Amino acid sequence: MRAKTSSITICQPKIEMFKYDYTSIPSILNIFKMENQEHYRKELISGKRNIKVDIKTWNALRNLKKANDTFNDVILSLLKERTVAIGGENLKAIKYSRRKVFLETEYDYKPIGAEFEYNDVKQEQANFNLDVKIKKIFYGKKIMNPSEFFGVDSIRKHFNHAFLNIYLKCVVLALEKEFKAHTRMIFDKDFENITRWRKTYYEYSLSEDSFINDIEEPLRLSEEKPDQKIIDSIKKSPSNSIWNLVK
Amino acid sequence: MKEFHFSKKYFNKLIYDDIESNIRIIIKEIPSLDVYEEDYSLRVETHHEERKLIHRKYAIEHHSRQDKHNYPHLQFKFHTEEIGTFWLRLEFETQDEYKKAILGFIYKIKNILEDLERFKPGICDDILVLTLVKNLSKEGEFLTQKISESIAKHELEFQNYGNTRDKVKSLHNNPLLINFLGEDNVTKVAASYGKAYSKKKIIIK
């Protein structure tokens, strides 16, 4: 089936006849004043071009548009994201696409499923961040957002032991898929052992950045004491009624 | 963490099933504490009989994972009235604006349920916490304003089958939708579809 395309109409460079107040014309190339007439001929330096895009691409570009943006602005910002220059030094901003994976696992002998995403790191072993985000939780007969199930949002996952554990299991799966890295972690307590993680990252020469951001930080923060609002939110969550995480 | 969970406060029940009047109402919310990372959805479905079976669905939602409609939008499914599905994109500056629009949606749902009172008196009070919902009129106006802005900036998008002009006409003849969207807004939609159906153009300056 032929893909739907959107055809684009673009202004071609052309000679335009305009009526100007001579005194207010900016300095543009090739301006002529016709004798006894107020018409001027101006050759437009057109920067406009035609592109043909399919409907899906058009919709994707339209969705990226902010309130006063043009399509030109959207395309320019996408191009800019590829490299950023700061004060003479070039910083390469890497924009990853996201991979979506499903994990079927258990926590404290109760089966649970998680649909999660991570950066498609394309075997860049030495330099990556996974940025694992759990998108949906599957438990019993229901599918829920993780924040509803665990009672906290993703940046506070370390406050809920079950959330942290499932997150770390997702990281294990991502490392297996991307780098065939076998962590040999089996029991729930293995996943909260930073020594085991460090050993895995050494054995497979994995990114130091990923170790710090994907593993070390959430484990370290899990020692932090949450405020009462967070404790109450976890208490009311389905995860607490299943695993009795908060007394 | 901003909590997007409104059904527990504004609805007495999420399923209303009255066999006698053959009215069924279903409210389904996917709540979230993290709308930047997660989906959010509040959907209301009504079934009732009026010369024929009428089945309508209303939603305010966004889907973070899909290519299409991954921004906040209103969705209407009016298949039994030959309008089909249509969407209206909504733009918010902040999460608080999004919340305000959802409350405005709940207020407009009150009007939808009030329409069913002629078949089942007391249904509105049964389903909604009316003492709270009645105070959401400002939020209702806010949502109407957002709808107006959206119609001016983006098209009201119909699902891609059937004759769009017929659907617009049916929209214009549906008092419930006129009440929900706002009469001026429906007139603007009809006017926008009255022009030649535009090709999708991108002009790169």
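Keep in mind that this is a model prediction, so the values were computed, not measured.

Peer 1: Explain the overall build of chain B here, please?
Peer 2: Each helix and strand in chain B was counted, giving eight helices and seven strands. Residues classed as buried in chain B amount to 51% of the 205 residues present. Once local pairs closer than 6 in sequence are excluded, the contacts in chain B between residues at least 24 apart make up 59%. Here chain B has roughly 10,100 Å² of accessible surface; of this, 48% comes from carbon and sulfur atoms.

Peer 1: Quick question: what am I supposed to make of the packing of aromatic side chains here?
Peer 2: Any pair of aromatic rings gets described here by the distance separating the centres and the angle formed by the planes. Applying the stated criterion to the full structure yields 22 aromatic pairs over all chains. On the basis of an interplanar angle of 70° and a centroid distance of 5.9 Å, the ring pair of Phe105(B) and Phe180(B) is categorised as edge-to-face. Taken together, the residues Phe105(B) in helix 2 (residues 95-115) and Phe180(B) in helix 7 (residues 175-181) connect sequence positions 75 residues apart. The pair Phe105(B) / Phe180(B) is uniform in exposure class, with both members buried. One Lys or Arg, Arg198(A), reaches over the ring of Tyr202(A) and ends 4.8 Å from the middle of that ring.

Peer 1: Help me understand the nonpolar core in this model?
Peer 2: Nonpolar side chains in soluble globular proteins tend to be buried together. Counting residues in hydrophobic clusters, the biggest one holds 56 residues, and the most contacted among them are Ile25(B), Leu74(B), Phe105(B) and Ile106(B). Ranked by residue count, the leading element in this core is helix 2 of chain B, at 10 residues. Not counting residues within four places of it along the chain, the set of residues in contact with Ile106(B) comprises Phe6(B), Tyr10(B), Phe11(B), Leu42(B), Leu128(B), Val133(B) and Leu136(B). One finds Tyr107(A), Phe116(A), Ile134(A) and Phe159(A) within the second-largest nonpolar core, a separate group that totals 46 residues.

Peer 1: Help me understand helix 5 (residues 137-153) of chain B in this model?
Peer 2: In an α-helix there are 3.6 residues to a turn, and that puts residues three or four apart on one side. Taking 1.5 Å of rise per residue, the 17 residues of helix 5 of chain B would be expected to cover 24 Å, and the 24 Å separating its terminal C-alpha atoms lies within 8% of that figure. Turning to helix 5 of chain B, its buried residues number three or more, namely Glu139(B), Gly140(B), Phe142(B), Leu143(B), Lys146(B), Ile147(B), Ser148(B), Ser150(B) and Ile151(B).

Peer 1: Sorry, what's going on with the side chain of Asn185(B) here?
Peer 2: Residue and element names in this part refer to chain B. Within the secondary structure, Asn 185 is located in helix 8 (residues 183-194). Given a relative accessible area of 3%, Asn 185 falls into the buried group. Within the structure, the side chain of Asn 185 is placed 3.4 Å from the backbone oxygen of Thr 144, a separation counted as a polar contact. Setting aside residues no more than four positions away along its own chain, Asn 185 makes contact with Thr 144, Ile 147, Ser 148 and Ile 151.

Peer 1: Just checking my understanding: could you explain the packing of helix 2 of chain B against helix 5 of chain B for this structure?
Peer 2: In a packed pair of helices, the relevant descriptors are the angle between the two axes and the axis-to-axis distance. All names here are of chain B. Where helix 2 contacts helix 5, the two axes come as close as 7 Å, and the packing angle between them is 105°. Judged by the angle between their axes, helix 2 and helix 5 are roughly perpendicular. Here Glu 97, Lys 100, Ala 101, Leu 103, Gly 104, Phe 105, Tyr 107 and Lys 108 of helix 2 lie close against helix 5, whose contacting residues are Ser 137, Glu 139, Gly 140, Phe 142, Leu 143, Thr 144 and Lys 146. Tallied by class, the residues present in the contact of helix 2 with helix 5 amount to six nonpolar, four polar and five charged.

Peer 1: Is there a simple way to think about the pairing of strand 2 (residues 23-30) of chain B in this case?
Peer 2: On a regular strand, one side chain projects to one face of the sheet and the next to the other, so that they alternate. Residue and element names in this part refer to chain B. Residues Ile 23, Ile 25, Ile 27 and Glu 29 line the buried face of strand 2, whereas the alternating positions Arg 24, Ile 26, Lys 28 and Ile 30 sit on a face that is not buried. Here strand 1 (residues 15-18) folds back onto strand 2 in antiparallel fashion, the turn holding four residues, of which Asn 22 has a positive phi close to 55°. Pairing of strand 2 with strand 3 (residues 40-50), which is carried by seven bridges, proceeds in the antiparallel orientation. Its bridge partner being in strand 3, Ile 30 is matched across the sheet by Ser 41.

Peer 1: Help me out: how do you make sense of the sheet that holds strand 6 (residues 84-89) of chain B in this one?
Peer 2: Residues and elements named next belong to chain B. Read across the open sheet, the seven strands follow the order 1-2-3-4-5-6-7; overall the sheet is antiparallel. Each of the sheet's edge strands pairs with one partner strand only, and the pair in question is strand 1 and strand 7 (157-158). As paired elements, strand 6 and strand 7 share two bridges and run antiparallel to each other. Note that in strand 7 the partner of Phe 86 across the bridge is Phe 158. Across the sheet, helix 2 is in contact with strand 2, strand 3, strand 4 (52-62) and strand 5 (73-78); its angle to strand 4 comes to roughly 170°. Each of strand 5 and strand 6 is contacted by helix 5, which is oriented at about 95° to strand 6, the strand it contacts most.

Peer 1: I would appreciate a short explanation of the confidence of the model for chain A in the present structure.
Peer 2: Predicted coordinates in areas of low pLDDT are best not read in detail. Residues and elements named next belong to chain A. Looking at chain A, pLDDT values average 79 and 73% of them are 70 or higher. Considering only residues more than four positions removed or in separate chains, one finds that residues 1-44, a stretch of pLDDT under 50, has 76 contacts. Taken as a whole, residues 83-89 scores under 50 in pLDDT and shows seven contacts with residues more than four places along the chain or in a different chain.

Procedures and definitions
- Residues numbered from 1 in each chain as written.
- Chains lettered and ligands numbered in written order.
- Predicted model: local features only at pLDDT ≥ 70, side-chain atom pairs only at ≥ 80, totals over all residues.
- Heavy atoms only, no water.
- Helix = DSSP H or I, 4+ residues; strand = E, 2+ residues; numbered from the N terminus.
- Buried < 20%, exposed > 50% of the residue type's maximum accessible area, 1.4 Å probe, protein only.
- Contact = heavy atoms within 4.5 Å.
- Areas by Shrake-Rupley, 256 points an atom, 1.4 Å probe, with all protein chains shown as cover.
- Phe/Tyr/Trp six-rings, centres within 6.5 Å; stacked < 30°, edge-to-face > 60°.
- Lys NZ or Arg CZ within 6 Å of the ring centre and 35° of its normal.
- Core = buried A, V, L, I, M, F, W, Y, C linked by side-chain atoms within 4.5 Å.
- Expected span 1.5 Å × (residues − 1).
- Polar contact = N/O pair within 3.5 Å; in protein donor to acceptor, adjacent residues only side chain to side chain.
- Axes fitted to C-alpha atoms, helices over the stretch in contact; angles between N-to-C directions.
- Parallel < 35°, antiparallel > 145°, perpendicular 65-115°, else oblique.
- Nonpolar A, V, L, I, M, F, W, Y, C, P; charged D, E, K, R; others polar.
- Pairing = 2+ DSSP bridges.
- pLDDT = per-residue confidence, 0-100.

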